Amino acid sequence: LDAHELTHSLLGDAVKPFWADEGLAEYTAQEVVQTRTICQEDGFIDSNTGGGVQPYDNISQFQWNYNSRSNYQTAVCAYRYIEQTYGKTAMRNIYSALINSVTYAQRPGCQDTTNFYQNVLVRNTGPELLSVLTARFGITSGEMTCQTP
């Protein structure tokens, strides 16, 4: 059972930025196998590599790249922050909102992620979350994630 890929299957076509999709899948996988990225205010310690504190990436520029564990671990820490600040209930509500979300009309080749920020994250946490995500992880709430068809 690969919890990471199973999470992708469960969340389906919900429109969300890359960091949110890969971060939630990795967060879930770490919960299942009970390994944890150690998240601190200024960076993270990857328990798989045993290295020192790594600075957070700007995950608004998340690159889908298997060689960049830093992107994935930064995204996991964004979800750990939500869990620690708002509780497991908020995380369950985020999963539920994504599972039950609809895909809105989009410009060809692009995904408007504003719905994810406002109707999934803010609705299940609070508006102050966006300023923390911006300051700590470089996330911008109005970003557009465009993919080449």
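Now for a look at the structure at hand. Treat the numbers as computed from the prediction; the structure is a model and nothing was measured. (Residues numbered from 1 in each chain as written. Predicted model: local features only at pLDDT ≥ 70, side-chain atom pairs only at ≥ 80, totals over all residues. Heavy atoms only, no water.)

1. What to know about the overall build of the protein
Right, on to step 1. If you tally the helices and strands in the protein, you get 6 helices and 5 strands.
Right, on to step 2. Counting helices and strands in the order they occur from the N terminus, the protein gives α-α-β-β-β-α-α-β-α-α-β.
Right, on to step 3. For the protein, the proportion of its 149 residues judged to be buried stands at 46%.
Right, on to step 4. Long-range pairs, those at least 24 residues apart, make up 64% of the contacts in the protein with a sequence separation of at least 6.
Right, on to step 5. Carbon and sulfur atoms make up 51% of the accessible area of the protein, which amounts to about 7,800 Å² in all. (Helix = DSSP H or I, 4+ residues; strand = E, 2+ residues; numbered from the N terminus. Buried < 20%, exposed > 50% of the residue type's maximum accessible area, 1.4 Å probe, protein only. Contact = heavy atoms within 4.5 Å. Areas by Shrake-Rupley, 256 points an atom, 1.4 Å probe, with all protein chains shown as cover.)

2. As for the packing of helix α2 (residues 18-33) against helix α3 (residues 69-86)
Right, on to step 1. Relative orientation of the contacting elements α2 and α3 amounts to 75°, with a least axis distance of 8 Å. Considering their axes alone, α2 and α3 lie roughly perpendicular with respect to each other. Contact residues: α2 offers Trp19, Ala20, Glu22, Gly23, Leu24, Glu26, Tyr27, Gln30 and Glu31, while α3 offers Tyr72, Gln73, Ala75, Val76, Ala78, Tyr79, Arg80 and Glu83.
Right, on to step 2. The residue inventory of the contact of α2 with α3, partitioned by class, reads 9 nonpolar, 3 polar and 5 charged. (Axes fitted to C-alpha atoms, helices over the stretch in contact; angles between N-to-C directions. Parallel < 35°, antiparallel > 145°, perpendicular 65-115°, else oblique. Nonpolar A, V, L, I, M, F, W, Y, C, P; charged D, E, K, R; others polar.)

3. Focus: the pattern of salt bridges
Right, on to step 1. For the structure on display, the rule yields 4 salt bridges.
Right, on to step 2. Note that Arg80 is salt-bridged to Glu31, the shortest N-O span being 3.0 Å. With Arg80 in helix α3 and Glu31 in helix α2, this pair connects stretches of sequence that are 49 residues apart.
Right, on to step 3. Using a relative accessible area of 2% as the deciding quantity, one classes Arg80 as buried.
Right, on to step 4. Glu31 is the salt-bridge partner of Lys88, the closest N and O atoms lying 3.0 Å from each other. Taken together, the residues Lys88 in helix α4 (residues 88-99) and Glu31 in helix α2 connect sequence positions 57 residues apart. (Salt bridge = Lys/Arg side-chain N within 4 Å of Asp/Glu carboxyl O.)

4. Some details on the nonpolar core
Right, on to step 1. Ranked by size, the top nonpolar core spans 29 residues in total, and within it Trp19, Leu24, Tyr79, Leu98, Phe116, Leu121 and Phe137 carry the most contacts.
Right, on to step 2. The leading source of residues in this core is α3, at 6 residues.
Right, on to step 3. Excluding residues within four positions of it along the chain, Leu121 makes contact with Trp19, Ile82, Ile94, Phe116, Gly126, Leu129 and Leu133. (Core = buried A, V, L, I, M, F, W, Y, C linked by side-chain atoms within 4.5 Å.)

5. Remarks on the sheet that holds strand β2 (residues 43-45)
Right, on to step 1. With antiparallel pairing, the 3 strands of this open sheet are ordered in space as β1-β2-β3. For this open sheet the edge positions go to β1 (38-39) and β3 (54-55), each flanked by a neighbour on one side alone.
Right, on to step 2. Across 2 bridges, β1 lies against β2 in antiparallel orientation. Opposite Ile38, over in β2, you have Ile45 as the bridge partner.
Right, on to step 3. In the packing of α3 onto the sheet, the strands contacted are β1, β2 and β3, and the crossing angle to β2 comes to about 105°. (Pairing = 2+ DSSP bridges.)

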